[in-house]
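# A closer look at the structure
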Amino acid sequence: MAKVVLPLALLFVTPFDPSLLVDHSCLSNNFYGNYHDAGKIWSVLLPDTQCLETWTSKSQDTSASIVQPKTEIQQLVWLEEEAVDVSVKTQTRSFQNEFDSFLDALSDNIPPDNSDLLQLAMGMSIRSGEYELLYRTPSAALLSVSHDKARTIDTVLPRFWKSTLLPTSPVTFRPVVTSAISHVERILSQLKFDPVVASTVNNISLAQMKKDIKFLTGEDGKSGIISRHSFSTGALTAASWLKDLFQQTGATCELRPFLIGFAPNVICRYPAVTNTTATVLLSAHYDSRGSFGKTRAPGADDDGSGIVALLSIARTILRKGVKFYSNVELVAFAGEEQGLLGSRAYARELRVAGANLTLMIQADMLAYRAPGEPPQLGLPDKIGSPIVTQLVADVSAIYSPELHVGFTPACCSDHQSFHEQGFPATQVFERAGPIADPMYHNSGDLSDRVGYDFGQLKSIAKVQFATLLHTAGFKLSQ
Ligand SMILES: *[C@@H]1O[C@H](CO)[C@@H](O)[C@H](O)[C@H]1NC(C)=O
Ligand SMILES: *[C@@H]1O[C@H](CO)[C@@H](O)[C@H](O)[C@H]1NC(C)=O
Ligand SMILES: *[C@@H]1O[C@H](CO)[C@@H](O)[C@H](O)[C@H]1NC(C)=O
Ligand SMILES: [Zn+2]
């Protein structure tokens, strides 16, 4: 694998500020994306010294960090602690502690009292000198590691951390274009109860959802799927099964590879009945992550639930003979757990092709409901287009009034990739608060367990489907 060589530059981590990027081309030409830490968005840039001097002479911002890398930068990886409910955190170790141990383990410097870390080091021994820690806060860090290690780092991370690979060349900062937003505003202003939409979305079959999830998790003993990790054979089994099923409902599907070694994205399209470029996209990710050191990764909630919601919509499209006035894409991404890799590739491709996306909605974790809590729908508080989030909230109030709707800080699934490319996007999630699923990133993430609520899953799938029907426009041919 070729080593990624970035130009010799300074690393600059600063609070996200669109005007900074719009006003300084030497910064925006060296922009490597936005990342998260403790509820805030940070931009990572690699500008040269002269550029930074121009900026620092004008700026008052003291929270920005400038770092001079000591070694040649390899693959950059952003690590962050996820927004997780306190009830789920049984261990008392903080990110700080875990991170110290993680680095010790990376450099073969294993504390004798911790067997988890021994496993961790066995799985991924990077010698000191093979990585560089460039930036660190109490809940996030930026590492430079070899390309190969970076791609598998998710398999050795502590459970409530997530990793994102930075792009290997600068990305263009693209705000969502105004015309796209005003299009969604028009749809929102015309939104009202439609009895045909109601009866169509109510036709989603809960019994079928229960069957579909058990194939994906391997709980039915038929699929042979043990894991849907992006590099597993189970992911390939799932991909071809999904392609066949979506095709049976009238879509044209493609298994589209995005990186060697990764299972492909499954991209399915129902063409519009009229001549239009307008496209509405619903998505979820079919790859999964299990417990550290175990091969089993059933991913019933994360994100089998989002995939089953898409399948339930597809099956209903067939049963009811739904035809759309916009093009409709249902997409199952891979590489989400390694840092949104499948969706990044596809969103970039659509941007380059000049795609006309009206909106996209990512579904990630829809089924878990903590005991004693009402059914909920969580919407993103940071990443996404507020107008699309509002549309989804209003649709929910009309067609799934049983859902308590609110914001979640659980951040950033594949909708972020589309948001970054300037497409109107949002996410649907199972809770109006942080992650509370005790089986999150765990080999016990099965559908047959306390808290896995098919009722909530169907309610949220109805919201996705009703948003699609209202946005794309439709007729029933049966
Ligand atoms: C969906 O509609 C079809 C006929 O249009 C009907 O046969 C079927 O029972 C309905 N299913 C559900 C779950 O409502
Ligand atoms: C569809 O519309 C485009 C642009 O308006 C036009 O160029 C094209 O010929 C149309 N195609 C068909 C099949 O009508
Ligand atoms: C995108 O689709 C919308 C809705 O149909 C349409 O009004 C608009 O002209 C399209 N934009 C482009 C660039 O084709
Ligand atoms: Zn997920």
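Residues numbered from 1 in each chain as written. Chains lettered and ligands numbered in written order. Predicted model: local features only at pLDDT ≥ 70, side-chain atom pairs only at ≥ 80, totals over all residues. Heavy atoms only, no water.

Another aspect to go through is unusual backbone geometry. A cis amide bond, omega 0°, links Asp-302 with the succeeding residue Asp-303. Take Asp-303: it is sitting in the loop between strand 11 (278-285) and helix 11 (304-320). Positive phi, close to 60°, is recorded for Leu-340, a residue that is not glycine. Along the chain, the position of Leu-340 falls in the loop between strand 13 (327-333) and helix 12 (341-352). According to the relative accessible area criterion, Leu-340 is buried, its value standing at 4%. Phi is positive for His-441, close to 50°, though the residue is something other than glycine. Within the secondary structure, His-441 is located in the loop between strand 17 (425-428) and helix 15 (454-472). (Helix = DSSP H or I, 4+ residues; strand = E, 2+ residues; numbered from the N terminus. Buried < 20%, exposed > 50% of the residue type's maximum accessible area, 1.4 Å probe, protein only.)

All right, on to the pairing of strand 16 (residues 404-408) then. Bridge count for strand 15 (residues 376-380) against strand 16 is five bridges, and the pairing is parallel. Each residue of the ladder has a partner; that of Gly-378, found in strand 16, is Gly-406. Where the polypeptide runs from strand 15 across helix 13 (residues 386-399) and back to strand 16, its parallel neighbour, the crossover connection is right-handed. (Pairing = 2+ DSSP bridges. Right-handed = clockwise from strand over helix to strand, strands pointing away.)

In the vicinity of ligand 3, the residues found are His-183, Thr-276, Thr-277, Ala-278 and Asn-356. For ligand 3, an oxygen atom lies 3.0 Å from a polar atom in the side chain of Thr-277. At 2.4 Å, a side-chain N or O of Asn-356 approaches an oxygen atom of ligand 3. Contact with the protein chains hides 38% of the accessible area of ligand 3, taken as 360 Å² for the molecule alone. Across the shell around ligand 3, the residue classes tally to one nonpolar, four polar and no charged. (Near = heavy atom within 4 Å. Polar contact = N/O pair within 3.5 Å; in protein donor to acceptor, adjacent residues only side chain to side chain. Areas by Shrake-Rupley, 256 points an atom, 1.4 Å probe, with all protein chains shown as cover. Nonpolar A, V, L, I, M, F, W, Y, C, P; charged D, E, K, R; others polar.)

Below, the discussion takes up helix 10 (residues 233-248). Owing to its 3.6 residues per turn, the α-helix brings residues three or four apart onto one side. Over its 16 residues, helix 10 runs 23 Å from end to end, which matches the ideal 22 Å to within 8%, given 1.5 Å per residue. Taken residue by residue, helix 10 has Gly-234, Ala-235, Ala-238, Ala-239, Trp-241, Leu-242, Leu-245 and Phe-246 as its buried positions. If you follow the buried residues of helix 10, they end up packed against helix 9 (206-217), strand 9 (252-256), strand 10 (265-270), helix 11 and strand 13. Phi turns positive, to about 105°, at Gly-250, one or two residues after helix 10. (Expected span 1.5 Å × (residues − 1). Contact = heavy atoms within 4.5 Å.)

Within the structure shown, the criterion is met by eleven salt bridges. Across the pair Asp-381 and Lys-382 runs a salt bridge, and its minimum N-O distance is 3.4 Å. The partly exposed category is assigned to Lys-382, whose relative accessible area is 23%. Connected through shared salt-bridge partners, Asp-85, Glu-373 and Arg-431 make up one network. (Salt bridge = Lys/Arg side-chain N within 4 Å of Asp/Glu carboxyl O.)

Let's shift gears to the coordination of the zinc ion (ligand 4). In an ideal octahedron of six donors the angles at the metal are 90 or 180 degrees, and in an ideal tetrahedron of four donors they are 109.5 degrees. Of the protein atoms, only His-285 (NE2), Asp-302 (OD), Asp-364 (OD) and Asp-364 (OD) coordinate the zinc ion (ligand 4), at distances of 2.1 to 2.4 Å. One can describe the site at the zinc ion (ligand 4) as irregular: its four donor atoms subtend angles covering 54 to 144° at the metal. On the primary sequence, the residues serving as donors to the zinc ion (ligand 4) are separated as H-x16-D-x61-D. Of this pair, Asp-302 sits in the loop between strand 11 and helix 11 while Asp-364 sits in the loop between strand 14 (356-363) and strand 15, placing them 62 residues apart in sequence. Assessed through its relative accessible area of 4%, Asp-302 is described here as buried. (Donors = N, O, S within 2.8 Å, 3.2 Å for Na, K, Ca; no water. Tetrahedral: all angles 85-135°; square planar, octahedral: opposite > 155°, others 65-115°.)

It is worth spelling out the packing of aromatic side chains at this point. The geometry of an aromatic ring pair comes down to the distance between the two centres and the angle between the two planes. Enumeration over the complete set of coordinates arrives at 15 aromatic pairs. With 4.1 Å between their ring centres and 15° between their planes, Phe-215 and Trp-241 make a pair best called stacked. Residue Phe-215 is found in helix 9, and its partner Trp-241 is found in helix 10; the two are separated by 26 residues along the sequence. Assessed through its relative accessible area of 16%, Phe-215 is described here as buried. Judged by its relative accessible area of 17%, Trp-241 is buried. What links up through ring pairs into an aromatic cluster is the set Phe-333, Tyr-346, Phe-418 and Phe-423. (Phe/Tyr/Trp six-rings, centres within 6.5 Å; stacked < 30°, edge-to-face > 60°.)

Remember that the coordinates give geometry; whether it matters functionally is a separate question.
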